[in-house]
Amino acid sequence: MSAPAGPGPESHPAGDAWHQMFHGRRRWIAALLAVALVATAVVVIFNLNPAGTEAGPAASPTPTATPSGTPSATPTRTKPPAPAPIPELRAVPMNVLVIGSDSRANARKQAAHTAATGEASDQRADTLMVVHVPADRRSLTLISINRDTWVEVPGVGGAKINASLERGGIDLAQRTVEQLLGIRIAHTLMLDFHGFRVLTDRLGGIDVNVTTPFRSTHETRHVFKAGVNHLNGQAALEFARERYAFADGDFQRVRNQQTLLRAILARLTARGALNNVTAVRALVDMASCCLTVNKGFDPAQAAILAYSLRNLNVKAIRSMTLPNAGMGYVGEQSVIFPDQAGIAAVGAALRSGRIAQLAR
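The structure displayed is predicted, hence computed values, not measured ones.

A.B. asks: So what exactly am I meant to see when it comes to the overall build of the protein chain here?
C.D. replies: Helix and strand content of the protein chain: ten helices and 14 strands. Each of the 360 residues in the protein chain was classed as buried or not, and the buried ones make up 49%. Excluding contacts between residues fewer than 6 apart, the proportion of contacts in the protein chain whose partners are at least 24 apart in sequence is 69%. Per element, the accessible surface of the protein chain, about 17,700 Å² overall, is 56% carbon and sulfur.

A.B. asks: Just checking my understanding: could you explain the pattern of salt bridges for this structure?
C.D. replies: Charged atoms that come close allow side chains of opposite charge to pair. One pass over the full model with this rule turns up ten salt bridges. Between R175 and D171 there is a salt bridge; the shortest N-O distance is 3.5 Å. Of this pair, R175 and D171 both sit in helix α4 (residues 163-181), four residues apart, roughly one helical turn. You can call D171 buried: its relative accessible area is 16%.

A.B. asks: How do you make sense of the pairing of strand β4 (residues 150-153) when you look at a structure like this?
C.D. replies: For a regular strand, side chains alternate in direction, first toward one face of the sheet and then toward the other. Note: β4 against strand β5 (residues 157-160), four bridges, orientation antiparallel. Looking at β5, one finds that E152 is bridged to G158. Here β4 folds back onto β5 in antiparallel fashion, the turn holding three residues, of which G155 has a positive phi close to 80°.

A.B. asks: Sorry, what's going on with the confidence of the model for the protein chain here?
C.D. replies: Close inspection of predicted coordinates is inappropriate for parts of the model with low pLDDT. Model confidence for the protein chain is summarised by a mean pLDDT of 81, while 74% of its residues fall at 70 or above. The low-confidence segment residues 1-14 (pLDDT under 50) makes 31 contacts with residues lying over four places distant or belonging to another chain.

A.B. asks: Quick question: what am I supposed to make of the packing of helix α6 (residues 233-241) against helix α7 (residues 250-268) here?
C.D. replies: Two packed helices can be described by the angle between their axes and the distance between those axes. Across the interface, α6 lies against α7 with an axial gap of 7 Å and an inter-helix angle of 140°. Considered as vectors, α6 and α7 are oriented oblique to each other. Listed contacts from α7 to A236, F239, A240 and R241 of α6 are R253, N256, Q257 and L260.

A.B. asks: Mind showing me how you'd approach the nonpolar core here?
C.D. replies: Nonpolar side chains tend toward joint burial in soluble globular proteins. Membership of the largest hydrophobic core comes to 52 residues, with the highest contact counts inside it found for L140, I206, V208, L231, F239 and L260. The residues touching L231, leaving out its near neighbours within four places in the chain, are T200, G205, I206, V208, H222, F224, A236 and F239.

A.B. asks: It is not clear to me how the packing of aromatic side chains should be interpreted in this structure. Could you clarify?
C.D. replies: The description of an aromatic ring pair rests on the distance of the ring centres and on the angle between the ring planes. Counted according to the given criterion, the structure contains four aromatic pairs. Judged by centre distance (4.8 Å) and plane angle (75°), the ring pair of F214 and F246 falls under edge-to-face. Placement of the pair is F214 in strand β8 (residues 214-215) and F246 in the loop between α6 and α7, with a sequence separation of 32 residues. By relative accessible area, which is 8% here, F246 ends up buried. Geometrically, the ring pair formed by F224 and F239 is tilted, given 5.4 Å between the ring centres and 55° between the ring planes.

A.B. asks: Which parts of the structure should I look at to understand the sheet that holds strand β3 (residues 141-144)?
C.D. replies: Backbone hydrogen bonds are what pair the strands of a sheet, in a parallel or an antiparallel way. The strand order across the open sheet built from six strands is β11-β6-β1-β2-β3-β12, with neighbouring strands paired in mixed fashion. Two strands bound the open sheet, and with one partner strand each, they are β11 (292-293) and β12 (318-321). The sheet contact formed by strand β1 (residues 94-101) and strand β6 (residues 187-191) spans five bridges and is parallel. Paired with V98 across the two strands is L189, which belongs to β6. Along the sheet, α4 makes contact with β1, β2 (125-133), β6 and β11, crossing β1 at roughly 140°.

A.B. asks: Where do I start with unusual backbone geometry in this structure?
C.D. replies: Trans is the prevailing form of peptide bonds, just as negative phi is the prevailing case for residues other than glycine. Even without being a glycine, R137 presents a positive backbone phi close to 60°. For R137, the location among the structural elements is in the loop between β2 and β3. A residue is classified by how much of its surface remains accessible, and R137, at 4% relative accessible area, is buried. Unusually for a residue other than glycine, R221 sits at a positive phi of about 50°. Relative to the assigned elements, R221 resides in the loop between β8 and β9 (223-224).

Each value, and the rule that gives it
- Residues numbered from 1 in each chain as written.
- Predicted model: local features only at pLDDT ≥ 70, side-chain atom pairs only at ≥ 80, totals over all residues.
- Heavy atoms only, no water.
- Helix = DSSP H or I, 4+ residues; strand = E, 2+ residues; numbered from the N terminus.
- Buried < 20%, exposed > 50% of the residue type's maximum accessible area, 1.4 Å probe, protein only.
- Contact = heavy atoms within 4.5 Å.
- Areas by Shrake-Rupley, 256 points an atom, 1.4 Å probe, with all protein chains shown as cover.
- Salt bridge = Lys/Arg side-chain N within 4 Å of Asp/Glu carboxyl O.
- Pairing = 2+ DSSP bridges.
- pLDDT = per-residue confidence, 0-100.
- Axes fitted to C-alpha atoms, helices over the stretch in contact; angles between N-to-C directions.
- Parallel < 35°, antiparallel > 145°, perpendicular 65-115°, else oblique.
- Core = buried A, V, L, I, M, F, W, Y, C linked by side-chain atoms within 4.5 Å.
- Phe/Tyr/Trp six-rings, centres within 6.5 Å; stacked < 30°, edge-to-face > 60°.

What follows is the structure in structure tokens.
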């Protein structure tokens, strides 16, 4: 896949040196250290004090008695070196595409195979969401795209937008969304079902405000009660996937997915965790096990992007669903027809930085 055009971290000696150092550290983290990574991320990210600094040093052990007449050695502490600073991201707006794959297998391997061979994979986009990040990084706007929206997929023709992932991996999914909205996507991130469960559990679960209570029709038939529900990975996955329990099906599902992403961001930014350089590195290492990303979006750039969101106000996150012209059929396929004028307005608002005015 070719690297997308879009803003990246500023190029300067300090940033390049940090980038090289990060890669050096990243190479020696193997899968066998996953348990240690989880422990590190949980301790560092969620046990910071409110100021966002690491906890103070542990109490010194009780000194042992020394023989009479022997002067006691004065204990000394070696202060660990300060972590290298993370370079600042350029203050320009960007769009990030988030994909939830319906793959029960390894979505990352399937995506790599599709990119290398051009063969269709056994996965479609269960979730498609454009996250608009403004230049000041203090708010976000989430734009959901119904997976059954009928669009022109580059090189394929008319199809449901979720088929773009099946036919060309995350690269084709990204180009399809760019063409639909007339925008540029800086980065694309994809999670499959297994990866979503794992990451949610590694975060210690998330708190989701359920506005429309329901019983899941999936594996555990979890009951989601009105109000705040603490969800583990499996329950969060069922919350994100459900549509049959609702009168308006996929439309309520995308609203639930927006609620879920808000909850995840609230968890990640809790108590100023992203202000801490060590916490940000631990977070990126933890997530790297499960995310598939576009070419060029390496762990160093992921850390720079995460750090740039340290002043995010979760209450300032707005969301909307791409306008549509109703449901119908193309052949035997049940589809959602796009509202071309409405979509053009969303694209123009994204390009001009006015998208928050259209969302709620």
